[in-house]
Amino acid sequence: MFTVMVVEDDLPLQRMMCAFLGMNGYQTIPAANGEKAMEAIERVLPDLVIADVMMPVMDGWELTRELRSAYPLLPIMLVTARDTIEDKRAGFTSGADDYLTKPVDLDELLLHVKALLRRSQVMTSHRLTVGETTLDYNALTVSRDGTVLTLPKKEFYLLFKLLSSPMQIFTRRQLMDEIWGMDAQSDERTVDVHVKRLREKCEVFPDFAIVTVRGLGYKAEKRNG
């Protein structure tokens, strides 16, 4: 059974989300703000964190940054009434994997939870299949119908990250932080260079494409071959 932490200072909404997730087979851990969430995570590490953005003591953006630093593979979804492009950019830049706007539709929330947990399992299994194309994290290869492409580490990690969350938008800064870390010799244009190389090399794989999202960053799309 998966465990989902719900970090929300609106207690009626928190209880409603926890009850709904519980009815659908998930264990839940409630927390009223980011500080309480960090204290709880020291005792039990959940499989997924759902966090409001606007909270007292420690807001969702700060919580996301703290969690991403300590638990790089932990899926994080931000839920908030703030739905402008700037707000979404801030959420994704902080390290969030998904972003859902209020008022919360519980059925939509459940779909997002299931999708994030599937992606998390893919990341930890180190093997990803998109259509007829297979990515092997350990071998750094992309293969389809006998065609095998071995990529440099950074290019492969970038492609694996994008394809693990198809249609999820990643900012350049987010990709830099997760793949290049604190490399002071690199800037966000490095991501553009690597995406350009990936597009050229992966033309032989029709199952996916890397799409530029103007003003935000990049996303991967699954396509029929």
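Residues take numbers from 1 onward in each chain, read along the sequence in its written order. Where local features are concerned, this predicted model is filtered to residues with pLDDT of at least 70; where side-chain atom pairs are given and counted, the filter is 80 or more; whole-chain, interface and lining totals use all residues. Water and hydrogen atoms were dropped before computing side-chain values, which therefore reflect all heavy atoms in the structure.

Section: helix α2 (residues 34–41)
Line of reasoning, step 1. Exposed residues in this analysis have more than 50% of their type's maximum accessible area, buried residues have under 20%, and partly exposed residues fall in between, with area computed by a 1.4 Å probe over protein chains only. Think of it this way: any DSSP run of H or I at least four residues long counts as a helix, any run of E at least two long counts as a strand, and we number them from the N terminus. All buried positions along α2 are accounted for by Gly 34, Ala 37, Met 38, Ala 40 and Ile 41. Across the axial projection of α2, the buried residues extend over an arc of 160°, all falling on one side.
Line of reasoning, step 2. Each element contacted by the buried residues of α2 is listed here: β1 (3–7), β2 (27–31), β3 (48–52) and α3 (60–70).
Line of reasoning, step 3. Its side-chain oxygen 3.0 Å from the backbone nitrogen of Glu 35, Asn 33 forms the N-cap of α2. Our arc is simply the arc of the directions from the helix axis toward the C-beta atoms. By the convention used here, residues are in contact when the closest approach between their heavy atoms is within 4.5 Å. Each polar contact in these results corresponds to two N or O atoms within 3.5 Å; when the atoms are within protein, one needs to be able to donate a hydrogen and the other to accept it, and residues that are neighboring in sequence are counted only if both atoms are side-chain atoms.

Structural notes on the pattern of salt bridges
Line of reasoning, step 1. A side-chain nitrogen of Lys or Arg and a carboxyl oxygen of Asp or Glu constitute a salt bridge if their distance falls within 4 Å. By the definition in use, this model includes twelve salt bridges.
Line of reasoning, step 2. Two residues, Arg 144 and Asp 145, come together in a salt bridge whose shortest N-O distance is 3.0 Å.
Line of reasoning, step 3. Exposure remark for Arg 144: the relative accessible area of 14% places this residue in the buried category.
Line of reasoning, step 4. Residue Asp 145 is classed as exposed on the basis of its relative accessible area, which comes to 60%.
Line of reasoning, step 5. The residue Arg 172 makes a salt bridge to Asp 192 at a minimum N-O spacing of 2.7 Å. Separated by 20 residues along the polypeptide, Arg 172 in helix α7 (residues 172–180) and Asp 192 in helix α8 (residues 189–201) bring together distant segments of the chain.
Line of reasoning, step 6. Residue class for Arg 172 comes out partly exposed when judged on its relative accessible area of 22%.
Line of reasoning, step 7. Within the structure, one salt-bridge network assembled from shared partners comprises Glu 132, Arg 144, Asp 145 and Asp 207.

What about the environment of Phe 170?
Line of reasoning, step 1. Mapped onto the elements, Phe 170 comes out in strand β10 (residues 170–171).
Line of reasoning, step 2. Each C-alpha atom, one on Phe 170 and one on Arg 144, is 26 Å from the other, the two residues being 26 residues apart in sequence.
Line of reasoning, step 3. Those residues in contact with Phe 170, other than ones at most four positions away along the chain, are Lys 161, Leu 162, Ser 165, Leu 175, Leu 216, Gly 217 and Tyr 218.

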